[in-house]
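Residues per chain are reported as follows:
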Amino acid sequence: MPEGDTIHRAAATLQRAIGGQIVTRFESVLPKLTRVDADAPLRGRTVDRVEARGKHLLIWFSGDLVLRTHMRMNGSWHIYRPGERWQRPHRDMRLVIETAAMHAVAFTVPVAEFVTSRELANHDVVAELGPDPLSDNFNAEEAIERIQAHGDVEITDVLLDQRVIAGIGNVFKSEVLFEGGVHPETRVDALSDARLAELVDIARRQLAANVVETMPRFGRRTTGRMAIAEGLWVYGRGGRPCRRCGTPITFARQGLGARPTYWCPRCQTA
Ligand SMILES: [Zn+2]
């Protein structure tokens, strides 16, 4: 499931593959994109930079054009050399950006649109993003203040709110709360400043540890352990023993959209 770590990793990979290169061909099955390409062709533009903001991936082209994609649950970006066989079926292709040396292919991205830099600055879902723990100018104090603005909400929902802190999804939500020893149903106003600062710091550390290039091969990990089966503290481990105390991990669908939450009823009491 793509969360902030996945998107930042994809942005870094795309930047290395096509950043600074000239687009030789563009193709898409999405009419919204092909219309823009027909009016103001992508071919001949330079890929100025590729950037992640929270779970949004932004590709900046010369001539003030930005491609915004969001992967939601199943989308992914792949990089191929010209002629190389794709690892997903052609019917899953949504758009292709070709340069002389590398082709970037987006598969099943549910959100893809071209915007100008000005439209992006006024774009609700992007402009309203909270601080991104993976960005260079991450402001932890601002993230804490934004969390505290939702005092009567359960911490599990606040961590998922991209306007509060950007990039955390279901997996990291459960993992951060476990490491912080915080029960997912705790209301924000029951948590001290120090406790919130600790949660934000854990989120930043866990996300950052998963941005490194080799991670997809070994799976996401928050425990620091190398074995694939031991990568996560609680997520996906309902009914299995807690890695710290042995108590069976609890699982519930809760909060907005009834998304799954995992926690240890003994370690997470705050
Ligand atoms: Zn435990």
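Thresholds applied
Residues numbered from 1 in each chain as written. Predicted model: local features only at pLDDT ≥ 70, side-chain atom pairs only at ≥ 80, totals over all residues. Heavy atoms only, no water. Helix = DSSP H or I, 4+ residues; strand = E, 2+ residues; numbered from the N terminus. Expected span 1.5 Å × (residues − 1). Contact = heavy atoms within 4.5 Å. Phe/Tyr/Trp six-rings, centres within 6.5 Å; stacked < 30°, edge-to-face > 60°. Buried < 20%, exposed > 50% of the residue type's maximum accessible area, 1.4 Å probe, protein only. Pairing = 2+ DSSP bridges. Axes fitted to C-alpha atoms, helices over the stretch in contact; angles between N-to-C directions. Donors = N, O, S within 2.8 Å, 3.2 Å for Na, K, Ca; no water. Tetrahedral: all angles 85-135°; square planar, octahedral: opposite > 155°, others 65-115°. Salt bridge = Lys/Arg side-chain N within 4 Å of Asp/Glu carboxyl O. Lys, Arg positive; Asp, Glu negative; His and termini not counted.

Chemist: What's the story with helix H8 (residues 193-209) in this structure? I'm lost.
Modeler: Along an α-helix, a turn takes 3.6 residues, which lines up residues three or four apart on a common side. In this model H8 runs 24 Å from its N-terminal to its C-terminal C-alpha over 17 residues, within 8% of the 24 Å that 1.5 Å per residue would give. Looking at the buried side of H8, the elements it contacts are helix H1 (4-18), helix H5 (140-148), helix H6 (155-160) and helix H7 (170-180).

Chemist: Please clarify how the packing of aromatic side chains should be interpreted in this entry.
Modeler: Tallied over the entire structure, the rule returns seven aromatic pairs. Ring centres of Phe61 and Phe114 lie 6.5 Å apart, and the angle between their planes is 70 degrees; on these two criteria the pair is classed as edge-to-face. Here Phe61, found in strand E3 (residues 56-61), pairs with Phe114, found in strand E8 (residues 111-115); they are 53 residues apart in sequence, far enough to count as distant. Of the two residues examined, Phe61 and Phe114, each falls in the buried class. Their ring planes at 85 degrees and their centres at 5.6 Å tell us that Trp86 and Phe107 sit as a pair that is edge-to-face. Of the two residues, Trp86 sits in the loop between strand E5 (76-80) and strand E6 (93-98) while Phe107 sits in strand E7 (residues 103-107), which places them 21 residues apart along the sequence.

Chemist: Just checking my understanding: could you explain the environment of Arg118 for this structure?
Modeler: As for its placement among the helices and strands, Arg118 is situated in helix H3 (residues 117-121). The spacing of Arg118 and Gly181 is 63 residues in sequence and 42 Å in space, taken between C-alpha atoms.

Chemist: Looking at this structure, I do not really get the pairing of strand E4 (residues 65-70). What am I missing?
Modeler: As a general feature of sheets, a regular strand has side chains that alternate between the two faces. Burial of E4 is extensive: six of the six residues sit out of reach of the surface. Going residue by residue along E4, you find Leu65, Leu67 and Thr69 tucked away on one face and Val66, Arg68 and His70 tucked away on the opposite face as well. Strand direction decides the pairing type here: E3 and E4, joined by six bridges, are antiparallel. Within the sheet, the bridge partner assigned to His56 lies in E4 and is His70. Hairpin connection of E3 to E4: three residues between the antiparallel strands, including Gly63 at a positive phi of 85 degrees.

Chemist: How should I be thinking about the sheet that holds strand E1 (residues 25-28) in this particular structure?
Modeler: The pairing of strands in a sheet happens through backbone hydrogen bonds and is either parallel or antiparallel. Judged by pairing direction, the sheet is antiparallel, and its four strands sit side by side in the order E1-E6-E7-E5 without closing on themselves. At either margin of the open sheet sits one strand with a lone partner, and together these are E1 and E5. On average, each strand axis in the sheet is tilted by 15 degrees relative to the strand beside it, whichever way the strands run. Taken together, the five bridges between E5 and E7 define a ladder with antiparallel strand orientation. Considered in E7, the bridge of Ile79 is made with Ala104. Packing against the sheet, H1 makes contact with E5, E6 and E7, and its axis sits at approximately 30 degrees to E5.

Chemist: How do you make sense of the environment of Ile144 when you look at a structure like this?
Modeler: Structurally, Ile144 is set in helix H5. On the accessibility criterion, Ile144 (13% relative accessible area) is buried. Sequence separation between Ile144 and Glu198 is 54 residues, and the spatial gap between their C-alpha atoms is 9.8 Å. Setting aside anything within four residues of it in sequence, one finds Ile144 in contact with Leu196, Ala197 and Val200.

Chemist: Explain the coordination of the zinc ion to me, please; I cannot follow it from the model alone.
Modeler: Reference values for coordination geometry: four tetrahedral donors around a metal ideally subtend 109.5 degrees, six octahedral donors ideally subtend 90 or 180 degrees. Within the protein, the atoms that donate to the zinc ion are Cys242 (SG), Cys245 (SG), Cys264 (SG) and Cys267 (SG), at distances of 2.2 to 2.4 Å. Around the zinc ion sit four donor atoms, and with donor-metal-donor angles ranging over 101 to 114 degrees the site reads as tetrahedral. Sequence spacing among the residues donating to the zinc ion works out to C-x2-C-x18-C-x2-C. Of the two residues, Cys245 is situated in the loop between helix H9 (215-218) and strand E9 (250-254) and Cys267 in the segment after strand E10 (259-263); the sequence distance between them amounts to 22 residues.

Chemist: What am I meant to see in the pattern of salt bridges here?
Modeler: Any two side chains of opposite charge can pair, on the condition that their charged atoms come close. Tallying each qualifying case throughout the model produces 13 salt bridges. The residue Arg49 makes a salt bridge to Glu51 at a minimum N-O spacing of 3.8 Å. Since its relative accessible area comes to 37%, Arg49 is described here as partly exposed. Between Asp92 and Arg88 there is a salt bridge, with its nearest N and O atoms 3.6 Å apart. Given the relative accessible area of 15%, Asp92 is considered buried. The class for Arg88 is partly exposed, based on a relative accessible area of 22%. Here the salt bridges do not stand alone but share partners, grouping Arg25, Glu27 and Glu98 into one network.

Chemist: So what exactly am I meant to see when it comes to the side chain of Lys55 here?
Modeler: Of note, Lys55 is situated in the loop between strand E2 (47-53) and E3. No salt bridge is formed by the buried Lys55; the nearest opposite charge belongs to Glu3, separated by 6.1 Å.

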